[in-house]
Amino acid sequence: MIPLQRLVGQHETNALQPSTVPPQNAVYLGYPSSEMHDLFLHFYEGSSCPNDAEQFHLHVIKHGYIGDLFFNNTLINIYIKIPKVHSARKLFDEMLHRNSVTWACLISGYTQNCMPDEACALFKEMIHLGCMPNLYALGSSLRACIISGTYRLELGKQIHGLILKTPFSSDAVVCNVLISMYGSCSDTAFLARSVFEEIGTKSSISWNSIISVYSQRGDSLSTFSLFSCMQHGGSGLGFKPTEYTFGSLLAVIACSSVDLGWHLLGQMLSRINKAGFLQDLYVGSALVNGFARLGFISDAMKIFERMNKRNAVSVNGLMVGLVKQKQGEDAVKVFREMKHLVKNNFDSYLVLLTACAEFSVLEEGRRKGKELHAHAIRTGMFDAKISMQNGLVNMYSKCGAIEDACFVFSLIVNKDSISWNSIIAGLDKNKRFEEAAMNFTNMRRTGLLPSNFTLISALSSCASLGWVLLGSEIHSEACKLGLDWDVSVSNSLISMYGQTGFPTECEKVFSLMPSYDQVSWNSVIGALTKLEASSFLKSVTYFIKMMRAGWDLNIVTFMNILSIVSSVSVCQLGHQIHALVLKYSLANDTAIENALLSFYGRCGEMEMCEKLFGRMQDRRDEVSWNTMISGYIHNEFLPKAMDMARFMMQKGETLDGFTFATVLSACASVATLEHGMEVHACAIRACLDLDVVVGSALVDMYSKCGRIDYAARLFEFMPVKNVYSWNTMISGYARHGDGKKALNLFERMKQISLSLDQVTFVGVLSACSHMGLVEEGWKHFESMKDLYGLDPGMEHYSCMVDLLARAGQLDKVEDFINKMPVNPNVLIWRTVLGACCRVNGRKTELGKRAAKMLLELEPQNAVNYVLLSNMYASGEKWEGVAEARAAMKEAAVKKEVGCSWVTMKDGLHVFKAGDKSHPEKDSIYEKLYELYEKMKDAGYSPQTKFALYDLELENKEELLTHHSEKLAVAFVLARSKDSRLPIRIMKNLRVCGDCHSAFGYISKIVGRQIVLRDSNRFHHFVDGECSCGNYW
C-alpha cells in the first residue's frame, strides 16, 4: 500500500504539473472503491492544473464515478479554476442529478471569470426549476449584479426579496454583499444605507462596506461621518479602522478639491502613521494614488519610495495620478523604471494605454501606443481580455488615430457596452459625428443597453449635426432606461436642444431634473445664450437663480453670460458682471479677459478695452489681439485697427486666418484699397492667402474697394471654395452692376451641387434688381421656397421691393407689401420712399404712407426726413418740402453731410459740396470750371431737377456744379495731369443723376476710367459709358 503522506507530498510538489503517479496504479495495489473515492478527492480536490483536470475526469468516468455528485461538483470547481468554464458548463449540462452546491459552483465560476450575464441567467434558471439557492449561490449572483452595474439593479432587488424569505436575511456576509450590490447598481446610497441600518450587530466589515459605498460616490461628508460613527459606535463600542477603511477614506479624498484634499491627506497621513499602517501595501498604494491624483506628484513619489514593499497596485496608483495630471511621459517613465522591480499585472498595461493618450505630443503617444499594441499581440494579452481591446480603441481615439481605433473595434468579436462606448466617444471626439450616431444605432440593434456615457457621446454628435429628431429618440431611450435622471445625461440633453434651437425643450429638461450640479446651470445658461437675443432675459434670470441657489460661478458661467450680454450690448449689466468677476478672483483668466474685451468693444467703451488689454501683458493670446482689432473696427477706428495689426506682428504674434479676415473686413467696410493690399501682402508672407476664410475675405475686400477684376481673379485661383466664397463673388458682381456675371456664377454654383443659403439669394436678387430683370427676379424669389426649402427673410422681401421700385412698378410694390407674410421693416419702407423720390412726385400717397411708417419706427433717423423732403422736391411741391424740414427741425435731428473722398499718396482727401477749405482749392475749382466748359461743348446739359431746392435756374446749376464728387474728381485731375490710372472716388450718399451724367462726359474727355462707389453700388465710367447702363 502506498502511504497517504507520500501521495499528499506528491500532490503538493506537482500541483501545477500532471501527476507522475496516476491513481489507477493504486487499484492494482488493492485499494477498495471507498478508499479510491477518498484518494481521488484528496489528490485532485485543490488542483488547478489543466492536465490534472482532464486526468481526473477520465478516472471518474473509467472507475464508474460519473454519477457521483460530490466528484462532479469537485470537477466543476477544478474546471472553473483552470479556467475552462465551457468544460464546467458541459459537465453541468450532462449531470443527471444536481444539488444546490452544483448550481452554486457554476454561478460562482461565471462570476469569478467576469461572466455576469451567464451567472445571472443560470441563477434565474435555478429558481425557475425550484431549487433553493444556498448562501454561496446568493452571494455569487449578487456579485454578478455588482459587475454588471446599474442595469442589474432590478435583479438585485429580486434576489434581496428572496433572501428576506430565507434564514440568510440576517447573515452578516449576505448583508455586506447586499450593501456592495446596492452601492454599485443604484444611483443613490439610500438602499445600501437601508440594508446597513437593518443589520443588528454590525461588524467591522459592515462598516467598511457602507463607507466604501459613499466613498465610491465621492461623498466625503457622509464618508467621514460614518468613519466617526464607526470609531465611537452607538453603544460606545467602536471599531478601529482597518486598512480597507483607510483605503476608502483615501479614495474619497482623491476626488475632493485640491485645497481640501491637501489638508485631509495631511491629517490622514498622520492617522495612518499612528495606526501603524504606513508600511501596509494596500494603504501605501492608496496614499500614493491619493497624492498623485490631486497633483502632488512629489509627495506621492516620496511615499512610494519609502514603501518597504511595492506591487503593481502601488505602481499603477502612481501612474494613474500622473495620467490624471496629463503627464503621460512621466507615467511611462515610472512603468519602465519599475518593470524589473515589480511584477506588472494586466491593469498596468491598461493604465499605460491611458498614459499614451496624455502625451504632450499626441503623435509620440500614438507611436508608444502602437508599440504596446504590438506587445499585447505578441504576449496574447490582446485576445485574453476584452478590456485590452477596449483600451486600445480608447487610446487610438484620444491620440487622433480614429482609423486605427475603428480597425481595432472591428476585430473585437464579443463587443461589450464599453467597446461601443469607446468607439462612439472616439468618433464624436474626432468630429466623425455621423459615424458616431450610426454606431449608436448599431449598438441598440445588438440588444446591448446603452449606459449614461453612451448617451452623452451620442447626444453630443446629434448636437453637432443638428439632428434633433435622433436626439429626441435618444431622450426617449434615456427615459425608458431611467437614465434621464442622471445629471450628466440631462446636461447633455440641455446642450443638444440648445444647439439645435429648441429653447423650450432645454427649459423642460432642466425643470424636470431631480438635482443639479454646476454644469447643469452652465448648460442651460449656455444653451439659451447660443439662441437669439430674445433669450437674453431668460439667460439672465437663470444666472440670478444660480447665484441665489448658492452655486459658485466659474469661468464657463461668466463666459456664457458675458456672451449674451455682449450680443445685446447691455452695458450696465456688463459692468455688474465685471464686478462679480473681480469678486470671484477670475479677472486674470485670459478667457474671461477676452470676453470682457469683446463686451466693452461691443458697447463702444474702447478706452476700457485698452486698459484691460494693457493689463494683460503676457496673458494675451491670439483671441485677445483679434478682439481688440474687432473692437476698433466695430467702433470705426480703422487706423487703430491697422496699427494694432502691425503692433501684433512686431510683437512676434502669429496672425491667423481669423485676424486677417477681421482686418480685411475693416478695409472693405471703408473701402481702403491700399491698406487692404498691405494686409494681402502680409497674408501671402504668412502663407495664408490660400486659406478659404482669408481668400473669401480678400474677394470681399477687393470687390468692396472697387477692384472687381482682382476679386474675380482671386476667386478663380482659390484652391478650395465654400458657400461664403461663392456668395461673396456673386454679391460683388451685383454690387458692381455686372448682373450677367453674377447670374452666370449662380448657375455654376448650382451645377456643382453646392448647398445654397439665404445669402446666396440676396446676391442673386440684388443682381436682378440692378439689371431690371423683373421676371427673372420673381422666378428666383419663388424658387427659394419651392425648390430649395428656404424661407425668404426680410432681406429678400427688401430686394424684391427694390427690384419692382427700380423698374417703376410702384403699383406692384404696394400690392407686394400688402401681401407680405411679415410686417415690413424700415429697410423696405425706406426703399419705397426712395423709389417715390425718383418718379418726379408721382405716387405721393404711397410715399406719404412709407414716410409715416418710417417716422413711427425711426423718428430720430434724419435720412427719413431727407427722403420725404426729396420726394416733395422732385415733384416741385415746395410746401411739402418746408413741412418735412420743419418736422426734422422739431425732431432735433441732423442729416448726414454728403461727402466724397479720394486716397492719394499723401493720405485721404475729403470734400463736401461747395467746399473751399482744401489747401489746393484754387487749382481744384480752376480744373472744375475747365471740365465744365469742355462738358458743355461735348453736349452736357445740367439736370437741374436734381437740385432739390426752390431756386432760380442759374443757382441750381451752380449748386450742381459744386457737388462733392465733382470736386473730388477735379482734385485728382489737377494733381495727376499726365496719369492714365483709374480715378477712384468714394461717396457716403447716393450719387445724383446730374453727377452720374457728368462723370460719363468727364471719363471720355480725360480718357481715364472713373470708379465711383456711392452708398448703394459701384459705377465704372469708361469712355462716356457707365457699367450700370444708366439703370440705377
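Structural data are supplied above this passage.
Quick caveat, the model's predicted, so the values are computed rather than measured. (Residues numbered from 1 in each chain as written. Predicted model: local features only at pLDDT ≥ 70, side-chain atom pairs only at ≥ 80, totals over all residues. Heavy atoms only, no water.)

This part covers the nonpolar core. With 264 residues, the main nonpolar core has Ile210, Ile272, Met388, Met701 and Met729 as its most contacted residues. With residues near it in sequence (within four places) discarded, Ile272 still touches Phe246, Leu250, Phe277, Leu278, Val283 and Leu287. (Core = buried A, V, L, I, M, F, W, Y, C linked by side-chain atoms within 4.5 Å. Buried < 20%, exposed > 50% of the residue type's maximum accessible area, 1.4 Å probe, protein only. Contact = heavy atoms within 4.5 Å.)

Taking 1.5 Å of rise per residue, 13 residues should cover 18 Å, and helix α42 (residues 692–704) covers 18 Å from first to last C-alpha, within 8% of that figure. Counting buried residues along α42, 10 of its 13 residues qualify, which places the element largely inside the surrounding structure. If you check the start of α42, you find a side-chain oxygen 3.0 Å away from the backbone N of Val693, and it comes from Asp691. The positive-phi residue at the C-terminal boundary of α42 is Gly706, with phi of around 95 degrees. (Helix = DSSP H or I, 4+ residues; strand = E, 2+ residues; numbered from the N terminus. Expected span 1.5 Å × (residues − 1). Polar contact = N/O pair within 3.5 Å; in protein donor to acceptor, adjacent residues only side chain to side chain.)

In this section: the packing of aromatic side chains. With the rule as written, the count across this model stands at 31 aromatic pairs. Look at Tyr244 and Tyr282: their rings are 5.4 Å apart centre to centre, the planes differ by 50 degrees, and that puts the pair in the tilted class. Here Tyr244, found in helix α15 (residues 243–254), pairs with Tyr282, found in helix α17 (residues 281–293); they are 38 residues apart in sequence, far enough to count as distant. An aromatic cluster of three or more residues is present, and its members are Phe510, Tyr516, Trp521 and Tyr542. Taking NZ or CZ as reference, Arg620 lies 4.2 Å from the ring centre of Phe613, over its face. Sitting above the plane of the Phe637 ring, Lys640 keeps its charged end 5.8 Å from the centroid. (Phe/Tyr/Trp six-rings, centres within 6.5 Å; stacked < 30°, edge-to-face > 60°. Lys NZ or Arg CZ within 6 Å of the ring centre and 35° of its normal.)

Moving on, we get to the sheet that holds strand β3 (residues 983–987). Taken together, the six strands give an open sheet; going across it, the order is β2-β1-β3-β4-β5-β6, and neighbouring strands pair in mixed fashion. The strands lining the two open edges of the sheet, one partner per strand, are β2 (907–912) and β6 (1025–1026). In this sheet, β2 lies alongside strand β1 (residues 899–904) in antiparallel orientation, the contact comprising six bridges. Bridging from a neighbouring strand, Met904 pairs with Gly907 of β2. Across the sheet, helix α56 (residues 964–975) lies against β1, β2, β3 and β4 (1010–1013), angled at about 20 degrees from β1, the strand it touches most. (Pairing = 2+ DSSP bridges. Axes fitted to C-alpha atoms, helices over the stretch in contact; angles between N-to-C directions.)

Below, the discussion takes up the packing of α15 against α17. Interhelical geometry of α15 versus α17 gives an angle of 5 degrees and a closest axis separation of 9 Å. Between α15 and α17, the angle falls in the class roughly parallel. Packed against α15, whose contacting residues are Glu243, Tyr244, Phe246, Gly247, Leu250 and Ala254, the element α17 presents Tyr282, Val283, Ala286, Leu287, Gly290 and Arg293 at the interface. For the contact of α15 with α17, a count of residues per class yields eight nonpolar, two polar and two charged. (Parallel < 35°, antiparallel > 145°, perpendicular 65-115°, else oblique. Nonpolar A, V, L, I, M, F, W, Y, C, P; charged D, E, K, R; others polar.)

So, on to the pairing of β3. When you tally the buried positions in β3, you get four out of five residues, the bulk of the element. The sheet contact formed by β1 and β3 spans two bridges and is antiparallel. Bridging across to β3, Trp901 finds its partner in Met986. In terms of strand pairing, β3 meets β4 through four bridges, oriented parallel. Residue pairing in the sheet places Arg984 in a bridge with Val1011 of β4. Regarding topology, helix α57 (residues 993–1006) serves as the crossover connection from β3 to the parallel β4, and that connection is right-handed. (Right-handed = clockwise from strand over helix to strand, strands pointing away.)

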